[in-house]
Amino acid sequence: MLKSSLALAAAALIAIAPIAASAQDAEAPAEPRRTFVPINYDANEDPENILVLDLSNGERVSIRMMPEWAPDHVERVKTLTRQGFYDGVIFHRVIDGFMAQTGDPTGTGQGGSPLPDLEEEFNPMPHVRGTVSMARAQSEDSANSQFFIVFYPRFSLDKRYTNFGRVISNMAAVDAINRGEPPANPTRILQASIAADNKPVPAAPRIEAEPVIGLDELSAPIEN
């Protein structure tokens, strides 16, 4: 009797085994784990992912963009940069101790590019000094063209805004951006470029000299 019971149990295990194997095979493969590599501060490496901003204060700023953190947002900024979209755009919202925001061609904070809004790519990378992150409206999936640079750490922004890079050269020039919402005399991006394109620093805007006014010009004409 015992031998019969053991034989029946063994047969049952053999019958179940192929089913279990099939169930395992049917499981979806695990998605690869996202990695968040650290910032590379060497401006000579990977120039394809360095955003260069030539500012109206006469300074050049370099930003390391991180496609490993936010591939779609980095691609959007690169696309708009190469279209010349950011050239001439002002920093329209600059709050002392917080951040400087740009990327709106209307200068009002309400504009963007003709391209569709992006789905969020929130990540665990912190908003520290020099962080470059995408601005958005109330919807998490409303980032388009505007971005901001953080003056001081703001960890309350983490996982709420898409952090896609960091300033790697000349943060002092960012500190010098004129404050205001909007500033009375806004700092603007004269030229945005990708380092791999090797664009030279643009010529400073020409300021026309005021004409010299003599005594004759100050005299009103005599009417008959």
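Small disclaimer: the values here were computed from a predicted structure and weren't measured.

(A) Representation of the packing of aromatic side chains in the model. Per the stated rule, a full pass over the model turns up 4 aromatic pairs. Taking the centre distance of 5.5 Å and the plane angle of 80° together, the rings of Tyr-86 and Phe-147 count as edge-to-face. One end of the pair, Tyr-86, is in the loop between α2 (71–82) and β3 (93–95); the other, Phe-147, is in strand β6 (residues 147–150), with 61 residues separating them in the sequence. A residue is classified by how much of its surface remains accessible, and Tyr-86, at 1% relative accessible area, is buried. In this structure Phe-147 comes out as buried when scored by relative accessible area, which is 1%. Among the aromatic residues, ring-to-ring pairing joins Phe-85, Tyr-86, Phe-147 and Phe-164 into one connected group.

(B) Up close: the nonpolar core. Core analysis: the largest hydrophobic core is formed by 30 residues, its most contacted members being Leu-51, Leu-53, Ile-63 and Phe-164. Listed by contribution, the elements that provide at least two residues to this core are β1 (50–55), β2 (60–65), α2, β5 (131–134), β6, β7 (163–169), α3 (171–175) and β8 (189–194). Filtering out sequence-adjacent residues up to four positions away, Leu-53 remains in contact with Glu-59, Arg-60, Val-61, Ile-63, Phe-147, Ile-189, Gln-191 and Ala-192.

(C) A look at the pattern of salt bridges. Enumeration over the complete set of coordinates arrives at 8 salt bridges. In this structure, Lys-78 and Glu-48 form a salt bridge, with 3.2 Å as the shortest nitrogen-oxygen distance. Remark: Glu-48 occurs in the loop between α1 (2–26) and β1 and Lys-78 occurs in helix α2; sequence separation between them is 30 residues. What makes Lys-78 buried here is its relative accessible area of 9%. Assessed through its relative accessible area of 29%, Glu-48 is described here as partly exposed. Here Arg-60 makes a salt bridge to Asp-54, at a shortest N to O gap of 2.7 Å. Owing to a relative accessible area of 30%, Arg-60 belongs among the partly exposed residues under this scheme.

(D) A look at the sheet that holds β3. Within the open sheet, the 8 strands sit side by side as β3-β4-β6-β5-β7-β2-β1-β8. Their pairing is antiparallel. Two strands bound the open sheet, and with one partner strand each, they are β3 and β8. Going across the sheet, the axis of each strand differs from the next one's by a mean of 25°, ignoring polarity. Looking at chain direction, β1 and β2 are connected through 5 bridges and run antiparallel. Within β2, the residue paired with Val-52 across the bridge is Ser-62.

(E) Molecular detail of the environment of Pro-153. Following the sequence through the fold, Pro-153 ends up in the loop between β6 and β7. C-alpha of Pro-153 to C-alpha of Arg-129: the two residues are 24 residues apart in sequence and 5.2 Å apart in space. Excluding residues that lie within four positions of it along the chain, Pro-153 makes contacts with His-127, Val-128 and Arg-129.

(F) Spatial organisation of the pairing of strand β4 (residues 99–102). Burial along β4 is two-sided: the face carrying Met-99 and Gln-101 and the face carrying Ala-100 and Thr-102 are both buried. The hairpin formed by β3 and β4 contains 3 residues between the paired strands, and Gly-97 there has a positive phi angle of roughly 80°. Bridge count for β4 against β6 is 4 bridges, and the pairing is antiparallel. Across the sheet, residue Gln-101 finds its bridge partner in β6, namely Phe-148.

Analysis parameters
Residues numbered from 1 in each chain as written. Predicted model: local features only at pLDDT ≥ 70, side-chain atom pairs only at ≥ 80, totals over all residues. Heavy atoms only, no water. Phe/Tyr/Trp six-rings, centres within 6.5 Å; stacked < 30°, edge-to-face > 60°. Helix = DSSP H or I, 4+ residues; strand = E, 2+ residues; numbered from the N terminus. Buried < 20%, exposed > 50% of the residue type's maximum accessible area, 1.4 Å probe, protein only. Core = buried A, V, L, I, M, F, W, Y, C linked by side-chain atoms within 4.5 Å. Contact = heavy atoms within 4.5 Å. Salt bridge = Lys/Arg side-chain N within 4 Å of Asp/Glu carboxyl O. Pairing = 2+ DSSP bridges. Axes fitted to C-alpha atoms, helices over the stretch in contact; angles between N-to-C directions.

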